[in-house]
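# Structural overview for review
Listed below are the residues making up each chain.
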Amino acid sequence: MAKGITKRKDNYYKWYNDIVMKAGLAENSSVRGCMVIKPYGFAIWEKMKECLDKMFKETGHENAYFPLFIPKSFFSKEANHVDGFAKECAVVTHYRLKNKEDGTIVVDETAKLEEELIIRPTSETIIWSTYKKWIQSYRDLPILINQWANVVRWEMRTRLFLRTAEFLWQEGHTAHASKKEALDETIQMLNIYSEFAEKWMAMPVIKGKKTENEKFAGAIETFSIEALMQDGKALQSGTSHFLGQNFAKAFDVKFTNKTGKLEYVWASSWGVSTRLMGALIMAHSDDKGLVLPPKLAPIQVVIIPIYRKKEELITIKKVVNKILIKLKEKGISYKFDERDTHRPGHKFAEYELKGVPIRLAIGKRDIKNGTIELARRDTYEKKTYEQIGIENIIQELLEEIQENIYLKAIKFRKENSHIVNTYDEFKKVINEKQGFVFAHWDGTSETEKKIKNETKASIRNIPFGYPEEEGKCIVTGKYSKQRVIFAKAY
RNA sequence: CGGGGUGUAGCGCAGCCCGGUUAGCGCAUCUGCUUUGGGAGCAGAGGGUCGCAGGUUCGAAUCCUGCCACCCCGACCA
């Protein structure tokens, strides 16, 4: 474990990388743009998965699995879809290798595929080609399917968790008999993402609709949740798309409705990815390392014994075991780190780096006094408590920490949200302060593009739940129905 | 694809300009002793096709040519 990590204010980019690597979350692999997710990082992802999976199932969705490969011809069936993804597709062209005389292995050119296969960047096409077989009548609807999978998008530049060539995600693909039902589903899933982000990740997000420029390739409308990171940049953390009948038309998926007429099926798709890991890291962590919300921490409490001799450790263990039983009863996850290869100070630093919410330390003097020292990761506050009943204090504290880091993130977002009314003001804020900028926009793609070219800020979304305050576009002065959120984005 | 840079021990780097003992340093690793309430100290040890291929030279990590890989900035990115 290397000492020290770069400070946020010195180099935010390095700080992020330091945390990912030194906390043991992930590292770059020998494949360009692809990462190795290490056990501790994967444990956090598994917690996220577990929770989301439960939420999906509670709302009637089922898991299934579709192929990694997509025939090239499927791809071109939806024009916007292919336009959006063509430039970043990995393509499989052969199915065999052979040995050359010099011992090297080469592609066997005689084993060329009749039709190339695309490694899925998203699964709408393979899934809708399947749904065609499954759907005949309104009685077959709705289909509410989710899949946990990996996808590949050949990105030019990658960053651990935030943008990798291969990433893990879930993608929901639903089919409905009416437009309203599909739209309701789209919004329902957006709400689930938002609830997950806020209640589990302790990360405030703004729900809203994407502009034409920013929407999903093949969607009628895209909705997103947007979070603000500590460097003032926005991170799109989840998207839910209303696909209308676009994919049903592309794959000729029709059903007979109650009145006996043939109609195209309505669709939604929605997804979150390992990018959420990036969001989680950047939302709460500090210069000493990761800060995890208790609800997603693989280890909620770490217990560190402080001892000189083996006999002391034995005494400590007896006391600790009683506490561990109580923690287990309460469903609190813990780790008792009795390694004698590292000293206590080293362990303290290590678990701070790993973002463990609560640390207990117990040594000779605690044994004598019947006490235990408790330190919380979010505030660094240290206090000594009676051993008896410590599990209750821990349970309450875990909830308090969850709440505290959420409130801290809310406060940060509030301090970094700006309302501006002129383009000059806009440029100044975007350049000097960053953050979310609420401004009026005339609703045209031209204006959005102009602003993006000139300031690098894009419209994150047209937020829901904000007063529909009318105004004039900061660039053109034309009518605007409501303010939209601008920010520089990841 | 354009601009810049880097490849030397597991990791991070120095050495290269100006060729010349046995290629160094920090961290990590291993052994021993002492330590253990905030990243231990001392002593010792192990670990190298100097990115690859060719060339110049008595002699190349160092100079030359070609190739490869990676990184950064830009373009690109639901």
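Owing to the predicted nature of the structure, the values given are computational and were not obtained by experimental measurement. (Residues numbered from 1 in each chain as written. Chains lettered and ligands numbered in written order. Predicted model: local features only at pLDDT ≥ 70, side-chain atom pairs only at ≥ 80, totals over all residues. Heavy atoms only, no water.)

Time to look at the side chain of serine 194. You can see serine 194 is positioned in helix 6 (residues 179–200). You can call serine 194 buried: its relative accessible area is 9%. When sequence neighbours within four positions are dropped, the list of residues in contact with serine 194 reads Val205, Lys207 and Ile225. (Helix = DSSP H or I, 4+ residues; strand = E, 2+ residues; numbered from the N terminus. Buried < 20%, exposed > 50% of the residue type's maximum accessible area, 1.4 Å probe, protein only. Contact = heavy atoms within 4.5 Å.)

Within strand 24 (residues 458–463), 6 of the 6 residues are buried, which leaves the element mostly enclosed by the surrounding structure. Taken together, the 2 bridges between strand 11 (residues 206–209) and strand 24 define a ladder with antiparallel strand orientation. Note that in strand 24 the partner of lysine 209 across the bridge is isoleucine 462. Inspection of the sheet shows strand 24 paired to strand 27 (residues 483–487) by 3 bridges, in the antiparallel sense. Looking at the pairing, isoleucine 459 lines up with phenylalanine 486 of strand 27. (Pairing = 2+ DSSP bridges.)

Further remarks concern the domain arrangement of chain A. Taken domain by domain, chain A holds domain 1 (40–282), domain 2 (301–397) and domain 3 (417–487). Computed over C-alpha atoms only, the centres of domain 1 and domain 2 are separated by 43 Å. (Domains from an automatic or database assignment.)

A few words on the side chain of glutamine 170. Considering the arrangement of structural elements, one finds glutamine 170 in strand 10 (residues 166–176). Look at glutamine 170 and you get buried, because its relative accessible area is 0%. Engagement of the side chain of glutamine 170 in a polar contact is seen with the side chain of asparagine 146, the distance being 2.7 Å. A distance of 2.5 Å separates the side chain of glutamine 170 from the side chain of tyrosine 193, its partner in a polar contact. (Polar contact = N/O pair within 3.5 Å; in protein donor to acceptor, adjacent residues only side chain to side chain.)

Pairing is mixed across the open sheet formed by 5 strands, whose spatial order is 18-17-19-20-21. Each edge of the open sheet is held by one strand with a lone partner, namely strand 18 (334–336) and strand 21 (382–386). Sheet twist, expressed as the mean angle between neighbouring strand axes with direction ignored, is 25°. Here strand 19 (residues 358–363) pairs with strand 20 (residues 371–376) via 4 bridges, running antiparallel. Paired with leucine 360 across the bridge in strand 20 is leucine 374. Sitting on the sheet, helix 9 (residues 310–329) touches strand 17 (301–306), strand 18, strand 19 and strand 20, and the angle it makes with strand 17 is about 165°. Relative to strand 20, helix 12 (residues 390–415) is tilted by about 10°, and along the sheet it contacts strand 17, strand 19, strand 20 and strand 21. (Axes fitted to C-alpha atoms, helices over the stretch in contact; angles between N-to-C directions.)

A few words on the sheet that holds strand 4 (residues 69–71). If you trace the 3 strands from one edge of the open sheet to the other, you get 4-8-5, paired in antiparallel fashion. Strand pairing shows two members of the sheet lacking a second neighbour, strand 4 and strand 5 (91–94), which therefore form its edges. Along the sheet, successive strands turn relative to each other by an average axial angle of 40°, direction set aside. Two elements, strand 5 and strand 8 (residues 112–119), share 3 bridges in a ladder whose sense is antiparallel. Each residue of the ladder has a partner; that of histidine 94, found in strand 8, is lysine 112.

Summarising burial for helix 8 (residues 275–284): 10 of the 10 residues are buried, a large majority. Residues of helix 8 that are buried: Arg275, Leu276, Met277, Gly278, Ala279, Leu280, Ile281, Met282, Ala283 and His284. Lining the buried residues of helix 8 we find helix 1 (12–22), helix 2 (39–58), helix 6, strand 13 (234–244), strand 16 (266–273) and helix 12.

In contact at an axis separation of 11 Å, helix 13 (residues 423–432) and helix 14 (residues 445–455) are set at 45° when each is read in the N-to-C sense. Relative to helix 14, helix 13 is oriented oblique. As helix 13 runs across helix 14, the sense of the crossing is right-handed. Within the contact between the two elements, helix 13 uses Tyr423, Phe426, Lys427 and Ile430 and helix 14 uses Lys450, Ile451, Glu454 and Thr455. When grouped by side-chain class, the residues that make up the contact of helix 13 with helix 14 number 4 nonpolar, 1 polar and 3 charged. (Parallel < 35°, antiparallel > 145°, perpendicular 65-115°, else oblique. Left-handed = near helix turned anticlockwise from the far one by under 90°. Nonpolar A, V, L, I, M, F, W, Y, C, P; charged D, E, K, R; others polar.)

The next subject is the packing of aromatic side chains. Centre-to-centre distance and the angle between the planes together describe a pair of aromatic rings. Per the counting criterion, the structure on display carries 16 aromatic pairs. Ring centres 5.1 Å apart and planes at 70° place the aromatic pair tryptophan 128 and tyrosine 131 in the edge-to-face group. In this pair, tryptophan 128 and tyrosine 131 both sit in helix 5 (residues 124–134), 3 residues apart, roughly one turn of the helix. A relative accessible area of 0% places tyrosine 131 in the buried class. Through pairs of rings, three or more aromatic residues link up here, namely Trp45, Phe56, Trp148, Tyr193 and Trp270. For lysine 288, the ring lying beneath its charged end belongs to tyrosine 380, and the centroid distance is 5.0 Å. A cation sits over an aromatic face here: lysine 295 above tryptophan 200, 5.1 Å from the ring centre. (Phe/Tyr/Trp six-rings, centres within 6.5 Å; stacked < 30°, edge-to-face > 60°. Lys NZ or Arg CZ within 6 Å of the ring centre and 35° of its normal.)

Neighbouring RNA strand B are 37 residues; Arg153, Arg157, Glu214, Glu352 and Asp366 lie closest to it. Sugar and phosphate atoms form 43% of the subset of RNA strand B atoms that lie within 4 Å of the protein. In this structure, a base oxygen belonging to RNA strand B sits 3.1 Å away from a main-chain N or O atom of lysine 364. At a separation of 2.9 Å, a base nitrogen of RNA strand B approaches a polar side-chain atom of lysine 382. Elements that contribute at least two residues to the surface near RNA strand B include exactly helix 10 (344–353), strand 19 and helix 11 (364–369). Looking at the surface near RNA strand B, the element that brings in the most residues is helix 10, giving 7 residues. (Near = heavy atom within 4 Å.)

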